[in-house]
Amino acid sequence: MELRKSRREFLVGMGAVAAAGSFPEGRLFARGRLYAQTDLTYSAGADGMSSPFRVAVINDEVGQDFERSCEVVAREFGLEWIELRGMWNKNLLKLDAKEVAEARRILEKYKLRVTDIASPLFKVDWPGAPKSQFSPKGAQFNADFTYEQQDEILERSIELAKAFQTDRVRCFDFWRLEDQAPYRTAINQKLLAAAGVAEKKGITLLLENEPACNTATAVEAVKVLAEVKSPSLMLNWDPGNAASRGEKAFPDGYALLPKERIGHCHCKDVAKKPDGDRYDWAPMGKGLIDWTGQFRALKRDGYRFAVSLETHWRGAGTAEESTRQSWAGMKDELQKAGAL
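The notes below deal with the structure included here. Just so we're clear, the structure is a prediction, and the values are computed from it rather than from any experiment.

Calculation notes
- Residues numbered from 1 in each chain as written.
- Predicted model: local features only at pLDDT ≥ 70, side-chain atom pairs only at ≥ 80, totals over all residues.
- Heavy atoms only, no water.
- Core = buried A, V, L, I, M, F, W, Y, C linked by side-chain atoms within 4.5 Å.
- Buried < 20%, exposed > 50% of the residue type's maximum accessible area, 1.4 Å probe, protein only.
- Helix = DSSP H or I, 4+ residues; strand = E, 2+ residues; numbered from the N terminus.
- Contact = heavy atoms within 4.5 Å.
- Polar contact = N/O pair within 3.5 Å; in protein donor to acceptor, adjacent residues only side chain to side chain.
- Pairing = 2+ DSSP bridges.
- Axes fitted to C-alpha atoms, helices over the stretch in contact; angles between N-to-C directions.
- Expected span 1.5 Å × (residues − 1).
- Arc of directions from axis to C-beta.
- Salt bridge = Lys/Arg side-chain N within 4 Å of Asp/Glu carboxyl O.

Description of the nonpolar core
Working step 1: Ranked by size, the top nonpolar core spans 84 residues in total, and within it Phe164, Trp237, Phe295, Val307 and Met330 carry the most contacts.
Working step 2: A total of six residues in this core trace back to one element, the largest contributor, which is helix H5 (residues 150-163).

Observations regarding the environment of Asp144
Working step 1: Here Asp144 is to be found in the loop between strand S5 (113-121) and H5.
Working step 2: In this structure, the C-alpha to C-alpha distance between Asp144 and Pro120, residues 24 residues apart in sequence, is 9.0 Å.
Working step 3: The contact partners of Asp144, leaving out residues within four places of it in the chain, are Lys94 and Ala139.
Working step 4: Within the structure, the side chain of Asp144 is placed 2.6 Å from the side chain of Lys94, a separation counted as a polar contact.

Digging into the sheet that holds strand S6 (residues 168-171)
Working step 1: The strand order across the open sheet formed by eight strands is S1-S12-S9-S8-S7-S6-S5-S2, and the pairing between neighbours is parallel. Two strands in the sheet have a free side with no partner beyond their single neighbour: strand S1 (54-57) and strand S2 (81-84). For this sheet, the mean inter-axis angle between neighbouring strands, taken without regard to orientation, is 25 degrees.
Working step 2: Strand direction decides the pairing type here: strand S7 (residues 204-208) and strand S8 (residues 233-237), joined by four bridges, are parallel. Considered in S8, the bridge of Leu206 is made with Met234.
Working step 3: Contacting S1 and S2, helix H3 (residues 66-76) runs over the sheet at an angle of about 150 degrees to S2.
Working step 4: The sheet contacts of helix H11 (residues 319-336) involve S1, strand S9 (262-267) and strand S12 (306-309), and relative to S12 the element is tilted by about 145 degrees.

Considerations on helix H6 (residues 181-200)
Working step 1: Given a rise of 1.5 Å per residue, 20 residues ought to cover 28 Å, and the 30 Å separating the end C-alpha atoms of H6 matches this to within 8%.
Working step 2: Turning to H6, its buried residues number three or more, namely Arg184, Ile187, Asn188, Leu191, Ala194, Ala195 and Ala198. One side of H6 carries all its buried residues, which in axial view fall inside an arc of 130 degrees. Away from the buried face of H6 by more than 90 degrees, exposed residues Pro182, Thr185, Gln189 and Lys200 are located.
Working step 3: Contacts made by the buried residues of H6 are with H5, S6, S7, helix H7 (218-227) and S8.
Working step 4: Trailing H6 by a residue or two, Gly202 shows a phi angle of about 75 degrees, which is positive.

Observations concerning the pattern of salt bridges
Working step 1: A complete count under the given rule lists 27 salt bridges for this structure.
Working step 2: Among the ionic pairs, Arg85 bridges to Glu310, the shortest N-O distance being 3.0 Å. Here the residue Arg85 occupies a position in the loop between S2 and strand S3 (86-87), and Glu310 occupies one in the loop between S12 and H11, the gap between them amounting to 225 residues. For the pair Arg85 and Glu310, one class covers both residues: buried.
Working step 3: Residues Asp125 and Lys131 are paired through a salt bridge, measuring 3.2 Å at the closest nitrogen-oxygen approach.
Working step 4: Overall, Lys131 belongs to the exposed group, its relative accessible area being 65%.
Working step 5: By sharing partners, the salt bridges in this structure join Asp60, Glu61, Arg85, Asp238, Lys268, Glu310 and Arg314 into a single network.

Examining the side chain of Lys268
Working step 1: Mapped onto the secondary structure, Lys268 falls in the loop between S9 and strand S10 (269-272).
Working step 2: In terms of polar contacts, Lys268 uses its side chain to reach the side chain of Asn241, at 3.2 Å.
Working step 3: Setting aside residues up to four positions removed in sequence, Lys268 forms contacts with Glu208, Asp238, Gly240, Asn241, Trp281, Met284, Ile289, Trp291, Glu310, Thr311 and His312.

These results come straight from atomic positions and should not be treated as a statement about function.
Pasting the structure below:
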């Protein structure tokens, strides 16, 4: 199993051989500190940018060259926050010890702090249910883990959060089922159990509303949050994802959400395709979502966590240029909202 090899290398690289030695051979995750003491916290952005939010970009939306992504985010965009998902054509969870150390060195060089680990936790089929039509045939974002590996994914994500000095890990609630009702209680119990594991490690899980998963909209998110009553499970609110399922994400969807349970926000825009029935990604500020209103509402409601650009749109030809143009739109919307 590739994850097992990566984990052993990770332990060695983080100086945890002694801690790991006291546990049985099959145990993959040793207790104790598994990361170096380098301080990855900083006081100000490159250009003194001020916002009530942690304004960020998902690193691989710029590109797979992690240093180049950090250079663009910090020195060109002037930000001090970044969200980690994958680099060097690897999912973050598959990085070996040397790669983790190199990523930390680059973050320190560019004075970037990490908002969260954008883990693929629970982005798999629910066992015993009909196979989802949204279940991909290949890897997404270089993640191709199985249901049986999800406990490992959770622990690995928590350890990476510790290594990158963040207290947040993203998750999902399994590929979308045509009828999730027979399985919903069990899915909620799985989320609750995972939140319990995270809570013991000082980590908050962020459930993303994802159109290909069972929680896609604000309406569905409200139901899950009401059932999974854990302070360690919060919502990664993604208005773009909700809009792609036909929901009026703002103001209607947002109005339904328990504001104290929003722990992260992804920023992308959507537009209707020419057929009028389907949606496609758009640069920030060029789609259907009232992002100025959304940012203004988040500020009004006391939200102080990340607003993280997840470009997805590739209309400018390359990931970097598309993200550059989308950031320009996002920056404009933040400024209009009085949040930058």
